[in-house]
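# Examination of the molecular architecture
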Amino acid sequence: MNTRMRRAAVAVAAAAMAASLAACGSAKEAGGTKSTETGAAKGDAIKVGLLLPENQTARYEKFDKPLIEKKVAELTGGKGEVVYANAKQDATTQNSQVDTMITNKVNVLIVDAVDSKAIAGAVKRAKDAGIPVVAYDRLAEGPIDAYTSFDNEEVGRVQGKALLEALGDKAKDGDIVMMNGSVTDPNAALFKKGAHSVLDGKVNIGKEYDTKEWKPENANTNMAGAITALGKDKIIGVYSANDGMAGGIITALKSAGISPLPPVTGQDAELAGVQRIVAGEQFMSVYKPYAPEAEAAAKMAVALAKGEKLDSVTTSKVDSPTTKGVPSVLVPVVSLTKNNIKDTVIKDGVYTADEICTEKYQAACASVGLK
């Protein structure tokens, strides 16, 4: 994604936000006409409902939303419309947002579920109304029509392998702490499963937590408890399921006076996480290229809205607890360390070197060849 594309994505996002309002209010009529039916759309005048789960993680507002809006516009010749709402980590709110989308007669829904189980009833209501549903990033339960995400067990394996690499021959010289994500997020269970498949038997897991709502402050509290329970001299590494929690963990480690910091993993390649990697405070993150995931969701949504088959879009099938053989696209991931920042997030236009290398990080950036 180059600078021009990013500007275009932001412009599309701004236009869609103005049109739809944050809570799915009155929507601008696509192409000057308003569809009066759900299900298969007439021509390219497609109304796509987009429901994202939270705004604590930077990726959703900065990447996923504008990328999906841009691709829908491209696939429909500018006649498609994205109606957007964010649940702000509230499953009840998201269920209500689905009902609002049904009332607004969207042609298709893209849903990143706050709670994969709690959303099932709302997914069925959408289907009963003739609205196909694409599960985005998290495998929602209920009668979904398609799914796109990353290979989430592989994410956990990549994190676990990186932590073992950082520990080297000292992997059993102390304890590691595992800071998993929220139990309401099916991806968190897959990250945890993948990480355990690599770490079990090779490290001593002193404490392990499922972190409520993925919140950094909850990870910080958990980490402080682990330090008290295990002793600050015994902790040799921390598995953190994402970058936001890694920030809370590192704050707790610093507050306890632990120096040097043990290796800490992460995920999402958030700007703050990348800066911590440059500074040597966080060992790695998992870079998930959001563009192919967002583009796959948009392609599936537009095809479903037109009543078309997904054979040319999807590449595999997955099973949810309620639906078997869901047509899917799973996007590969990359282990991000200080050695490949230039060849990943900078090369792909996610961040510029100037965005990463603020005054605070100038010297660290110079030491890893970013300035």
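Use the structure listed above.
So, here's what we can say about the structure. (Residues numbered from 1 in each chain as written. Predicted model: local features only at pLDDT ≥ 70, side-chain atom pairs only at ≥ 80, totals over all residues. Heavy atoms only, no water.)

### Some remarks on the packing of helix α2 (residues 59-75) against helix α10 (residues 290-305)
One way to put it is that α2 packs onto α10 with a least axis distance of 8 Å and a crossing angle of 45 degrees. If you check the angle between α2 and α10, you find them oblique. α10 is crossed by α2, and the crossing has right-handed handedness. Residues Arg59, Phe63, Asp64, Leu67, Ile68, Lys71, Val72 and Leu75 of α2 lie in contact with α10, whose contacting residues are Tyr290, Ala291, Glu293, Ala294, Glu295, Ala298, Lys299 and Val302. (Axes fitted to C-alpha atoms, helices over the stretch in contact; angles between N-to-C directions. Helix = DSSP H or I, 4+ residues; strand = E, 2+ residues; numbered from the N terminus. Parallel < 35°, antiparallel > 145°, perpendicular 65-115°, else oblique. Left-handed = near helix turned anticlockwise from the far one by under 90°. Contact = heavy atoms within 4.5 Å.)

### Observations regarding the sheet that holds strand β5 (residues 146-150)
Taken in spatial order, the seven strands line up as β2-β1-β3-β4-β5-β11-β10 in an open sheet, and their pairing is mixed. Both outer strands of the open sheet, β2 (81-86) and β10 (316-318), are each paired with one neighbouring strand and no more. Strand-to-strand twist in this sheet, taken as the mean axis angle between neighbours without regard to direction, amounts to 25 degrees. Here four bridges tie strand β1 (residues 47-52) to strand β3 (residues 108-111), and the two strands are oriented parallel to one another. Bridging from a neighbouring strand, Val48 pairs with Val108 of β3. The strands touched by helix α3 (residues 91-103) within the sheet are β1, β2 and β3, with β1 carrying the most contacts at an inclination of about 175 degrees. (Pairing = 2+ DSSP bridges.)

### Concerning the pattern of salt bridges
This model, assessed by the stated rule, comprises 20 salt bridges. Asp137 is paired through a salt bridge with Arg59; the nearest N and O atoms lie 3.2 Å apart. In this pair, Asp137 sits in the loop between β4 (133-136) and β5 while Arg59 sits in helix α2, placing the two residues 78 residues apart along the sequence. For Asp137, a relative accessible area of 3% translates into the label buried. For Arg59, a relative accessible area of 2% gives the class buried. Ionic pairing is found between Glu293 and Arg59, a salt bridge with its closest N-O pair at 3.0 Å. With a gap of 234 residues between them, Glu293 in helix α10 and Arg59 in helix α2 connect regions that are remote in the sequence. Each of Arg59, Asp64, Asp137 and Glu293 takes part in one network of salt bridges that share partners. (Salt bridge = Lys/Arg side-chain N within 4 Å of Asp/Glu carboxyl O. Buried < 20%, exposed > 50% of the residue type's maximum accessible area, 1.4 Å probe, protein only.)

### What about α10?
Taking 1.5 Å as the rise per residue, α10 with 16 residues should run 22 Å; its terminal C-alpha atoms sit 22 Å apart, in good agreement. The buried fraction of α10 amounts to 12 of the 16 residues, a majority that puts the element mostly inside the structure. For α10, every residue scored as buried is listed here: Tyr290, Glu293, Ala294, Ala296, Ala297, Ala298, Met300, Ala301, Val302, Ala303, Leu304 and Ala305. Tucked inside the fold, the buried residues of α10 contact β1, α2, β3, β4, β5 and β11 (326-331). Directly beyond the C-terminal end of α10, a positive phi value near 80 degrees is found at Gly307. (Expected span 1.5 Å × (residues − 1).)

### Thoughts on the sheet that holds strand β6 (residues 175-180)
Spatial strand order, β7-β6-β8: three strands in an open sheet with parallel pairing. The sheet is open, and its two borders are formed by β7 (204-210) and β8 (235-240), each paired with just one other strand. When the angles between neighbouring strand axes are averaged without regard to direction, this sheet yields 15 degrees. Contacts from helix α5 (residues 152-167) reach β6 and β8, with the element oriented near 165 degrees to β8. Across the sheet, helix α8 (residues 243-255) lies against β6 and β8, angled at about 160 degrees from β8, the strand it touches most.

### With respect to the layout of surface pockets
Quantified by volume, the second largest pocket comes out at close to 190 Å³. For the second largest pocket, the lining is made up of 14 residues, of which Ala166, Gly280, Gln282, Phe283 and Lys338 are closest to its centre. Across the lining of the second largest pocket, the residue classes break down as seven nonpolar, four polar and three charged. (1 Å grid on protein atoms, 1.4 Å probe; cavity = no way out; pocket = protein on both sides within 12 Å on 5 of 7 lines; lining within 4 Å. Points joined across faces, edges and corners; volume = space filled by probe spheres on them. Nonpolar A, V, L, I, M, F, W, Y, C, P; charged D, E, K, R; others polar.)

### Brief notes about the pairing of β2
The element β2 is extensively covered by neighbouring structure, given that six of its six residues are classed as buried. Burial of the side chains of β2 extends over both faces: Glu81, Val83 and Ala85 are buried on one face and Val82, Tyr84 and Asn86 on the other. Judged from the six bridges that link them, β1 and β2 form a sheet pairing that is parallel. Paired with Leu51 across the two strands is Ala85, which belongs to β2. Remark: the β1/α2/β2 crossover connection has right-handed handedness. (Right-handed = clockwise from strand over helix to strand, strands pointing away.)

### Some points on empty space enclosed by the protein
Counted according to the given criterion, the structure contains two cavities of 30 Å³ or more. The calculated volume of the largest cavity comes to roughly 140 Å³. Lining the largest cavity are 14 residues, and of these Tyr60, Arg138, Asp185, Trp214 and Asp268 lie nearest its centre. Elements represented by at least two residues in the lining of the largest cavity include exactly α2 and α6 (186-199). When the residues that make up the lining of the largest cavity are grouped by side-chain class, the tally is three nonpolar, four polar and seven charged.

### Observations regarding the environment of Asp151
Topologically, Asp151 is positioned in the loop between β5 and α5. For Asp151, a relative accessible area of 34% corresponds to the partly exposed category. Sequence separation between Asp151 and Pro332 is 181 residues; the distance between their C-alpha atoms is 6.5 Å. In contact with Asp151, other than residues within four places in its own chain, are Arg157, Leu330 and Val331.

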